[in-house]
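# Per-entry structural report
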Amino acid sequence: MLIFVAAVFVNNIVLAQFLGICPFLGVSKKVETAVGMSAAVAFVMTIATLVTFLMQKYVLNPMHLEFMQTISFILIIAALVQMVEIILKKVSPALYQALGVFLPLITTNCTILGVAIIVIQKNFDLPTALVYAVSTAVGFGLALILFSGIREQLNLTKIPQSMAGTPVALIVAGILAMAFMGFAGIVK
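These numbers come from a predicted model, not from an experiment.

## Observations regarding the overall build of the protein
Of regular secondary structure, the protein possesses nine helices and zero strands. Going residue by residue from the N terminus, the α and β elements of the protein occur as α-α-α-α-α-α-α-α-α. Relative to the compact-globule value of 16 Å for 188 residues, the protein shows a C-alpha radius of gyration of 17 Å, a close match. Considered along the principal axes of its C-alpha atoms, the protein spans approximately 60 × 45 × 30 Å. Burial statistics for the protein: of 188 residues in total, 41% are counted as buried. Partitioning the contacts of the protein with sequence separation of at least 6, the portion at a separation of at least 24 is 76%. By element, 72% of the accessible surface of the protein is carried by carbon and sulfur atoms, the whole surface being about 10,000 Å².

## Topic: the nonpolar core
Ranked by size, the top nonpolar core spans 51 residues in total, and within it Leu15, Phe24, Met37, Ile106 and Ile112 carry the most contacts. Mapped onto this core, the elements with two or more residues apiece are α3 (31-60), α4 (69-91), α6 (102-107), α7 (110-121), α8 (126-155) and α9 (166-181). The contact partners of Met37, leaving out residues within four places of it in the chain, are Pro23, Val27, Phe102, Leu105, Ile106, Asn109, Phe140 and Leu144.

## Some points on the packing of aromatic side chains
For the structure on display, the rule yields five aromatic pairs. Pairing Phe24 with Phe147 gives two aromatic rings, centres 4.3 Å apart and planes at 15°, and the pair type is stacked. In this pair, Phe24 is assigned in helix α2 (residues 21-26) and Phe147 in helix α8, connecting sequence segments 123 residues apart.

## Observations concerning the environment of Ala34
Topologically, Ala34 is positioned in helix α3. Along the backbone, Ala34 and Leu144 are 110 residues apart, and their C-alpha atoms lie at a distance of 6.0 Å. Not counting chain neighbours up to four residues away, the residues in contact with Ala34 comprise Val27, Leu144, Ile145 and Ser148.

## Details of helix α1 (residues 2-10)
Three or more residues of α1 are buried, namely Val5, Ala6, Ala7, Val8 and Val10. Close packing links the buried residues of α1 with α8 and α9.

## Here's the deal with the environment of Leu95
Its location among the elements puts Leu95 in helix α5 (residues 93-99). Assessed through its relative accessible area of 40%, Leu95 is described here as partly exposed. For the pair formed by Leu95 and Lys30, sequence separation is 65 residues and the distance between their alpha carbons is 19 Å.

## Examining the confidence of the model for the protein
Averaged over all residues, the pLDDT of the protein is 88; the fraction at 70 or higher stands at 98%. Within the protein, α7 carries the highest mean pLDDT (94), whereas α5 carries the lowest (74).

## Describing the packing of α8 against α9
At a minimum axis distance of 11 Å, the contact between α8 and α9 shows a crossing angle of 135°. Classified by the angle between their axes, α8 and α9 sit oblique to one another. For the crossing formed where α8 meets α9, the hand is right-handed. Here α8 contributes Leu142, Ala143, Leu146, Phe147, Ile150, Arg151 and Leu154 to the contact with α9, which in turn contributes Val168, Ala169, Val172, Ala173, Leu176 and Phe180.

What counts as what
The written sequence of each chain sets the order in which its residues are numbered from 1. Only residues with pLDDT of 70 or above have their local features reported here, since the model is predicted, and side-chain atom pairs are shown and tallied only from 80 upward, although totals for entire chains, interfaces and linings are computed over all residues. Hydrogens and water are ignored here; the side-chain numbers use all heavy atoms of the structure. Only DSSP runs of H or I with at least four residues qualify as helices, and only runs of E with at least two residues qualify as strands; both kinds are numbered from the N terminus onward. Restricting the calculation to C-alpha atoms gives the radius of gyration, and the globule rule supplies 2.2 Å times the number of residues raised to the power 0.38. Burial classification: accessible surface area is computed with a 1.4 Å probe over protein chains only, and a residue below 20% of its type maximum counts as buried, one above 50% as exposed, and the rest as partly exposed. When checking whether two residues touch, look at their non-hydrogen atoms; a contact exists if any pair is within 4.5 Å. For accessible areas, the Shrake-Rupley method is used with a probe of radius 1.4 Å. Any residue's cover is judged against the shown protein chains and nothing else. Definition used in this section: a nonpolar core is a set of buried Ala, Val, Leu, Ile, Met, Phe, Trp, Tyr and Cys residues joined via side-chain atoms within 4.5 Å. For Phe, Tyr and Trp, where Trp contributes only its six-membered ring, two rings pair if their centres lie within 6.5 Å, and the inter-plane angle classes them as stacked under 30 degrees, edge-to-face over 60, or tilted in between. A residue's pLDDT is the confidence the predictor assigns to it, expressed on a 0 to 100 scale. Working convention: axes come from line fits to C-alpha atoms, limited for helices to the stretch in contact. Angles between N-to-C directions cover 0 to 180 degrees. Here roughly perpendicular refers to angles of 65 to 115 degrees, roughly parallel to angles under 35, roughly antiparallel to angles over 145, and oblique to all remaining angles. Crossing handedness follows the turn of the near helix against the far one: under a right angle anticlockwise gives a left-handed crossing, and clockwise gives a right-handed one.

And the structure:
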């Protein structure tokens, strides 16, 4: 429970660790797309953490190839995204259509690679690693959906032209990050 609360609120991957800023700013214009991206990230992050953990513990460490961690993790994540895309296209065309462009975007989402590396650096066991991955994905989704809701409301508000778009989005992201810092007293 402690890992869940810490990963979702206190050490939010986007707002505290600044990983995944590109999809955070790029896919957050509509709540609908934010929800789709959040679901896709959660699915891929969980599977990628499982596979990269097993790769590190049973292939890289025994063969003393730890220096290959980053490149092998990137290749695993890219391959997983491609496999998930192919399987979804065959098994569930409706879900494949719903996720659309989100699956290829996940390949370049640094939160997936970041979580895979953090799990190894913190020396988590497999169940803890999976809880951390799911919790981080929930935190990513929460931040993305909250931010997209705020951005939708900002589109309905009269804002000075010089602040419209990215400037006001960055200010709101900073305020949202400060709000999440308020949870820091909950978990040490």
